[in-house]
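Read off the chains here:
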Protein chains: 2
Amino acid sequence: MHTVQTPRETLVDRIRQVEFLSLLPSEHLELLARSSMIREGDKGEVLFRQGQVGAQFLWLMEGGLRLTRTQPDGREKVIHLFSSPALVAEAAILLGQPLPATATLTGPSRILHIDRGAVREAVQTHPDLALNLLGSVMLRLRELTRSLANHGQSSGVARVAAYLLGRVDESGALVLPASKKDVASYLGMQPESFSRALAALKQQGLIEVRDQQIQVCDLAALSAVMR
Amino acid sequence: MHTVQTPRETLVDRIRQVEFLSLLPSEHLELLARSSMIREGDKGEVLFRQGQVGAQFLWLMEGGLRLTRTQPDGREKVIHLFSSPALVAEAAILLGQPLPATATLTGPSRILHIDRGAVREAVQTHPDLALNLLGSVMLRLRELTRSLANHGQSSGVARVAAYLLGRVDESGALVLPASKKDVASYLGMQPESFSRALAALKQQGLIEVRDQQIQVCDLAALSAVMR
DNA sequence: CGAAGCTTTGACAACTCTCAAGACTTGTGG
DNA sequence: CCACAAGTCTTGAGAGTTGTCAAAGCTTCG
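What counts and what doesn't
- Residues numbered from 1 in each chain as written.
- Chains lettered and ligands numbered in written order.
- Predicted model: local features only at pLDDT ≥ 70, side-chain atom pairs only at ≥ 80, totals over all residues.
- Heavy atoms only, no water.
- Least-squares fit on C-alpha atoms with pLDDT ≥ 70 in both.
- Contact = heavy atoms within 4.5 Å.
- Helix = DSSP H or I, 4+ residues; strand = E, 2+ residues; numbered from the N terminus.
- Buried < 20%, exposed > 50% of the residue type's maximum accessible area, 1.4 Å probe, protein only.
- Domains from an automatic or database assignment.
- Buried area = accessible area lost by both parts, 1.4 Å probe.
- Salt bridge = Lys/Arg side-chain N within 4 Å of Asp/Glu carboxyl O.
- Polar contact = N/O pair within 3.5 Å; in protein donor to acceptor, adjacent residues only side chain to side chain.
- Near = heavy atom within 4 Å.
- Nonpolar A, V, L, I, M, F, W, Y, C, P; charged D, E, K, R; others polar.
- Pairing = 2+ DSSP bridges.
- Axes fitted to C-alpha atoms, helices over the stretch in contact; angles between N-to-C directions.

### Some points on the relation of the copies chain A and chain B
Superposition of the two copies of the chain requires a rotation about an axis together with a shift along that axis. When chain A is brought onto chain B, the operation consists of a screw motion whose angular component is 180° and whose axial shift is 0.0 Å, with 0.0 Å RMSD remaining. Taken together, the turn and the small shift mark the pair as related by a two-fold rotation axis. The share of interface residues of chain A whose copies in chain B are also at the interface is 100%, consistent with both copies meeting through the same surface.

### Side note on the environment of Leu 148 of chain B
Of note, Leu 148 of chain B is situated in helix H5 (residues 127–151). For Leu 148 of chain B, a relative accessible area of 0% puts it in the buried group. Taking the C-alpha atoms as reference, Leu 148 of chain B lies 43 Å from Pro 7 of chain B; in sequence the two are 141 residues apart. If we skip the residues at most four places from it in the chain, Leu 148 of chain B touches Lys 77, Ile 79, Leu 144, Ser 147, Leu 148 and His 151 of chain A.

### What about the domain arrangement of chain A?
Residue and element names in this part refer to chain A. Per the domain assignment, the segments making up chain A are domain 1 (2–151) and domain 2 (156–225). Of note, the centres of domain 1 and domain 2, computed from C-alpha atoms alone, are 28 Å apart. Listed per partner, the contact involves 12 residues of domain 1 and 10 residues of domain 2. At the boundary of domain 1 with domain 2, total buried surface from both sides reaches about 1,000 Å², with 51% on carbon and sulfur atoms. At the boundary of domain 1 with domain 2, the tally comes to one salt bridge. For the salt bridge of Arg 66 with Asp 182, the shortest nitrogen-to-oxygen distance reads 2.6 Å. Where domain 1 packs against domain 2, one counts four residue pairs in polar contact (both at pLDDT 80 or more). Secondary structure elements with two or more residues in the side of domain 1 that touches domain 2: strand E6 (76–83) and helix H5 (127–151).

### Describing the protein's contact with DNA strand C
Residues in contact with DNA strand C amount to 16 residues; listed here are only the nearest, Lys 180, Lys 181 and Arg 196 of chain A together with Gly 156 and Ser 193 of chain B. Sugar and phosphate atoms represent 71% of those atoms of DNA strand C found within 4 Å of the protein. Gln 190 of chain B has a polar side-chain atom sitting 3.3 Å from a phosphate oxygen of DNA strand C. Within the contact set of DNA strand C, a phosphate oxygen lies 2.5 Å away from a side-chain nitrogen or oxygen of Ser 193 of chain B. Of the residues forming the surface near DNA strand C, the biggest block, four residues, is contributed by helix H8 (residues 191–203) of chain A. Classifying every residue of the surface near DNA strand C gives two nonpolar, seven polar and seven charged.

### Considerations on the protein's contact with DNA strand D
Contacts to DNA strand D come from 16 residues, most closely from Gly 156 and Ser 193 of chain A together with Lys 180, Lys 181 and Arg 196 of chain B. The sugar-phosphate portion of DNA strand D accounts for 69% of its atoms within 4 Å of the protein, the bases making up the rest. Contact between DNA strand D and Glu 192 of chain A: a base nitrogen at 3.3 Å from a side-chain N or O atom of the residue. Contacts to DNA strand D include Ser 195 of chain B, whose side-chain N or O atom sits 3.2 Å from a phosphate oxygen. Contributing elements (two or more residues each) for the surface near DNA strand D: H8 of chain A together with helix H7 (180–186) and helix H8 (191–203) of chain B. Looking at the surface near DNA strand D, the element that brings in the most residues is H8 of chain B, giving four residues.

### Examining the interface of chain A and chain B
You'll often see interface size given as the accessible area lost when the parts meet. Residue-level contacts link 43 residues of chain A with 43 residues of chain B. For the pairing of chain A and chain B, the buried interface totals around 4,000 Å² over both sides, and the portion due to carbon and sulfur atoms is 73%. The interface formed by chain A and chain B holds zero salt bridges in total. Applying the counting criterion to the chain A and chain B interface returns eight residue pairs in polar contact (both at pLDDT 80 or more). Secondary structure elements with two or more residues in the side of chain A that touches chain B: E6, helix H3 (90–95), helix H4 (116–125) and H5 of chain A. Here the side of chain A that touches chain B takes 20 residues from H5 of chain A, the largest share from any one element.

### Here's the deal with the sheet that holds strand E10 (residues 173–175) of chain B
Residues and elements named next belong to chain B. Ordered in space as E10-E12-E11, the three strands form an open sheet in which the pairing is antiparallel. Sheet topology places E10 and strand E11 (207–210) at the edges, where each strand pairs with a single neighbour. Strand-to-strand twist in this sheet, taken as the mean axis angle between neighbours without regard to direction, amounts to 15°.

Here's what the structure looks like:
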């Protein structure tokens, strides 16, 4: 992973695109830009590890990453899959707490780093920022509770169906945010089971699969599978 | 569930005990007390339902409750088990978002209700409060990620062992925060499976069980079970 | 071209879920 | 005070699903 030289004004523009920072006045953005940088990395590179304390806010501008956590038995489980644009681990970083998971890039990515202290200062002078931040953490919380509830589902095929339905666009298409192996782990199953689940749905004519691209053909029938 | 008549000064005292509000000046506490009340309820009563928008902060002073979420197949899964004292669903309530789960009392409980608007005002005038709030949400996030990682564990006995080890005090004892049925759901298994897992651990002499009280006899051996 | 990693398919064992029934506790009403 | 109902917990037996192990096809990268 290497740093990309970036002119100050470009940095300000990038920071303005970070959801919860967009409403800051320009002089504040200038201030943040002074301690910011953009870094690039490739698939497999580790952004941070579980237990570390982050010194910088991480804004995933391009690419994707997975959050994993070591289970008691030593294996790793995918907790979350991020696609750009996304703010990663904001709460832990702001509070200076140890990060609850490990972040690994799933493809070529560009990440904007903003100094933790500078953001903290901005938050304290602009109370609205804190509420915005809370909002984005709340989003994460919702997704986690949803994910947790889905894990209770008895059938693996039902979990896959629910997952697909939660990610389709208007035309019924979707792109998996990571390798099938990672998605399988995120759904709490083995890669083989995920493969079999997709095969079963495909054979029933409910979906079509080509690599990470999936087309849902029968929304109603797929919904019925969940029960 | 019924409201308990409470003198103003007592209310102020109670509010002072709410973790993230304790550092507010007395005049602010007085203000909060004006729109606060204490309510009591018994086992089975519903505090709020998934999808509702909460108008009041909820501080569980005494008792316990479970958060459940309806799964795609219609059944309910326990997302979280609270024991007093605890702040419940703070982020969603502060932001006026729909609550992500349903809260049901697991025993006789007393809950302090504080008006959402008053808290919101306090947060905006005291930036530190927002950070404290973020901290308590962060705690919840940590627990959820941990819980999610545990669900990946292949063996049910391993999940139970990990859960018990995460809750023992110095003497190796612990009390289940709810009925075994609820704990089972929280751990992502059927009540029968949970019962069998406990029986297996008991037969190996690793734990002793009497109702909701559990005594761990061999910490090292129990740790070994997780793998 | 070879190595490494992801994906798919097969076969088998192991586990959990489901269904069923009985022991036990608690609260209600006769 | 007892009987009954309702709910929880435990134990048993069978069916079904998933994890595991193994092998082969495929892509990517050096």
